[in-house]
Amino acid sequence: MSKKVLLISVALIIAVCTLALCVGCESYKYDANLSMGDSTAPVSSNGGTVVKQGSYIYFVNGFAGYKTTLGKDNWFGKVLKGAILRIKADATDMSTAEVVVPKSVLSDSKNAGFSIFGDYIYYVSPSAEEDKNGKVQTDTIQFLRTKLNGQGTQLLYQITDKDVTYKYTPNALVVLTDGKLYSKSYDAKSFKKDKPGTLIAENVTSVEFPVNGDFDVKVGETANDYFFYTKAEEGNEVYSNKVFICNGTGSVNKEIINRNTYTDKPDDIANVDKVFSITLSASHVDASGITLYYSKSFYHGSSATVAGYYGYKFTKTEADNGKIDPAKEHKFALSAPTSVFAMGLEKGYVDYASGIKYVKLNDDGEGEVAFEVSGDSVKVNEVYSLDDNGNLLFSNDKKLLVSKNINGGDNLNIIVDKELALDNHLICPEILDGQIYFFLSSDNYLYRVNLAEYNRVDGPMTPSLFGKMTQADIDALKEKEEEKE
């Protein structure tokens, strides 16, 4: 055989092998002709299903298909329902909405939602890959990013753990798995999908990721993007733990609570009630900093006694100092609530485990119950917001969006008398620029109502579809309407 023929044969073999490898593979190529939008504009509502940047609103167009039995159903470029779309904030014609991320961006993860940092949208999606038996690996969560023009999609990391805890920060993806906390920087030109990144800490027992909805590319990361985690103290029969504050890359990683925080003599038996195990509960971010909510317990031998439920406000200075000042700690209650909606140190929190209990600080800086209502009419699924007039927004018995004034001035107000989709780990309902966005269980699409237009006399509002239906859903809706006639 001549050298020329041998080279041609080798080339053909390589081509055939390459073609075989590509069959059944997902491609991130997208032929849409989109602009970069307002990529330098500030972002609001990061981490949810509706995000605003400049003159555009980006949103998750419904919920469908992540449990698909056919991997191709969730291939990039083939998804409309479940994709990320964008539309001009002042637009009223939903046909003008553009598909930016044509892939199902919500999963079975409890942390579903997306964020915009710089030129990219960061999101999660279930894997569309199939095993050798043809089973779609939907239990594998993929962390991806796509440019605002729909191009340059990259798979940052993937993990087979639907309960994985994570946070997209301005500079890195942070993941907690198997007690190890990792940071994966966005700076790399390419990413190894099975590598979680740089190890920040190990033997981590819990983490609290505050949600900072605001981002300004001109400012970058701020202290409001930091998070908290705990580790056990070392030593036999030592039940106290340590709390850390950390940023996304791990360059800020400081111990803020330990055995010596509340006493100089932690080993003295007389100070047993000043050495604590901290349980992180919730957090709230506002313009002035992060409020961390936590309970404290001390031990007599192996028996724990709850010391109370506390709140602490971390300003940028507090965060950079790397420790708390016990004198600035505020006790809200004797025990921790099981279901809490955090509103910041100044406003307090709502305990909605059985009704609505509003707790805030009094003039002496101590927590007290300011308002409480319970009964069959208040079966709260989740609380979503509190406006400046004291109106609390929550879902009631999975069927209602309800407003209740925590000052006791109003009765329960039914805003939307429709069944909400609350069982799909969607971060919703949420409020953006006075509009309430939520998914309805009837079709799993996104809807909205304008709070300013609500009138108690007129009763519940009729929500408007915010998105684009697939042709299959349009046909199904038409068929239902014909059956009614």
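What counts as what
Residues numbered from 1 in each chain as written. Predicted model: local features only at pLDDT ≥ 70, side-chain atom pairs only at ≥ 80, totals over all residues. Heavy atoms only, no water. Helix = DSSP H or I, 4+ residues; strand = E, 2+ residues; numbered from the N terminus. Buried < 20%, exposed > 50% of the residue type's maximum accessible area, 1.4 Å probe, protein only. Areas by Shrake-Rupley, 256 points an atom, 1.4 Å probe, with all protein chains shown as cover. Patch = residues over 30% accessible without salt bridge, like charges linked within 9 Å, V, L, I, M, F, W, Y side chains within 5 Å. Salt bridge = Lys/Arg side-chain N within 4 Å of Asp/Glu carboxyl O. Lys, Arg positive; Asp, Glu negative; His and termini not counted. Charge placed at Lys NZ, Arg CZ, Asp CG, Glu CD. Pairing = 2+ DSSP bridges. Axes fitted to C-alpha atoms, helices over the stretch in contact; angles between N-to-C directions. Phe/Tyr/Trp six-rings, centres within 6.5 Å; stacked < 30°, edge-to-face > 60°. Lys NZ or Arg CZ within 6 Å of the ring centre and 35° of its normal. Core = buried A, V, L, I, M, F, W, Y, C linked by side-chain atoms within 4.5 Å. Contact = heavy atoms within 4.5 Å. pLDDT = per-residue confidence, 0-100.

*Asks:* Account for the overall build of the protein, naming residues and giving values.
*Replies:* Within the protein, the regular secondary structure consists of 3 helices and 33 strands. For the protein, the proportion of its 485 residues judged to be buried stands at 50%. Counting every atom, the protein has about 23600 Å² of accessible surface; 47% of that belongs to carbon and sulfur.

*Asks:* Provide a residue-level description of a negative patch on the surface, including the pertinent values.
*Replies:* On the surface, Asp475, Glu479, Glu481, Glu482 and Glu483 cluster together into a negatively charged patch. Residue class for Glu479 comes out partly exposed when judged on its relative accessible area of 48%.

*Asks:* I'd like a rundown of the sheet that holds strand β6 (residues 115-117), residues and numbers included.
*Replies:* What the 4 strands build is an open sheet, ordered β6-β7-β8-β9; its pairing is antiparallel. Edge positions in the open sheet fall to β6 and β9 (154-160), since each of these has one partner strand only. Taking the axes of each pair of neighbouring strands and ignoring which way they run, one obtains an average angle of 25 degrees across the sheet. With 6 bridges joining them, strand β8 (residues 140-147) and β9 adopt antiparallel strand pairing. Following the sheet pairing, Phe143 is matched in β9 by Tyr157.

*Asks:* Got a sec to walk through the packing of aromatic side chains? Specific residues and values, please.
*Replies:* Scanning all chains against the criterion turns up 27 aromatic pairs. For the ring pair Phe228 and Phe314, a centre distance of 5.1 Å and an interplane angle of 50 degrees mean the geometry is tilted. In this pair, Phe228 sits in strand β15 (residues 227-232) while Phe314 sits in strand β20 (residues 303-314), placing the two residues 86 residues apart along the sequence. Accessibility classification places Phe228 together with Phe314 in one group, the buried group. Their ring planes at 25 degrees and their centres at 6.3 Å tell us that Tyr293 and Tyr309 sit as a pair that is stacked. Remark: Tyr309 occurs in strand β20 and Tyr293 occurs in strand β19 (residues 289-300); sequence separation between them is 16 residues. A relative accessible area of 0% means that Tyr293 is categorised as buried. It is Arg86 that lies over the ring of Tyr56; its NZ or CZ is 4.8 Å from the centre.

*Asks:* Can you tell me about the environment of Asp364, naming the residues and giving the values?
*Replies:* Relative to the elements of secondary structure, Asp364 occurs in the loop between β24 (356-361) and β25 (367-373). Residue classification places Asp364 among the exposed positions, given a relative accessible area of 66%. Considered as a pair, Asp364 and His330 are 34 residues apart in the sequence and their alpha carbons are 9.9 Å apart.

*Asks:* Can you break down the nonpolar core residue by residue, with the values?
*Replies:* Of all hydrophobic cores here, the largest spans 55 residues; its most connected members are Tyr58, Phe59, Ile121, Phe143 and Tyr168. Excluding residues within four positions of it along the chain, Ile121 makes contact with Tyr58, Ile84, Val100, Val101, Phe114, Ser115, Ile116, Leu144, Arg145, Thr146 and Leu148. Ranked by size, the runner-up nonpolar core spans 23 residues in total, among them Val243, Ile278, Tyr312 and Phe314.

*Asks:* So what about the sheet that holds strand β27 (residues 391-396)? Which residues, and what values?
*Replies:* Read across the open sheet, the 4 strands follow the order β26-β27-β28-β29; overall the sheet is antiparallel. In this open sheet, the two edge strands, each paired with only one partner strand, are β26 (380-386) and β29 (413-416). Within the sheet, the average angular offset between the axes of one strand and its neighbour, ignoring direction, is 30 degrees. Of the pairings in the sheet, the one linking β27 to strand β28 (residues 400-405) comprises 6 bridges and is antiparallel in character. Across the sheet, Phe394 pairs through a bridge with Val402, a residue of β28.

*Asks:* Give a detailed account of the confidence of the model for the protein, specifying residues and quantitative values.
*Replies:* Taken residue by residue, the protein gives an average pLDDT of 87. The fraction at 70 or more is 89%. Mean pLDDT per element in the protein: helix α1 (residues 3-22) is the minimum at 43, and strand β21 (residues 330-333) is the maximum at 98. Here residues 3-23 is modelled with pLDDT under 50, and outside its nearest four sequence neighbours on either side it reaches 1 contact, counting other chains as well.

*Asks:* Provide a residue-level description of the pattern of salt bridges, including the pertinent values.
*Replies:* Under the defined criterion, the tally for this structure stands at 10 salt bridges. The residue Asp267 makes a salt bridge to Arg259 at a minimum N-O spacing of 2.3 Å. Owing to a relative accessible area of 17%, Arg259 belongs among the buried residues under this scheme. Close ionic contact of Glu346 with Lys313 constitutes a salt bridge, the shortest N to O distance being 3.3 Å. Within this pair, whereas Glu346 is found in the loop between β22 (340-342) and β23 (349-351), its partner Lys313 is found in strand β20, the two being separated by 33 residues in sequence. Judged by relative accessible area, Glu346 falls into the exposed class, the value being 55%.

*Asks:* Provide a residue-level description of the environment of Lys347, including the pertinent values.
*Replies:* You can see Lys347 is positioned in the loop between β22 and β23. Take Lys347: its relative accessible area is 36%, and that puts it in the partly exposed class. Between the C-alpha atoms of Lys347 and Tyr358, which are 11 residues apart in sequence, the distance is 9.3 Å.

*Asks:* Requested: an account of the pairing of β20, with residues and values cited.
*Replies:* Sheet topology places β19 next to β20; 11 bridges connect them, and they run antiparallel. Each residue of the ladder has a partner; that of Tyr293, found in β20, is Gly311.

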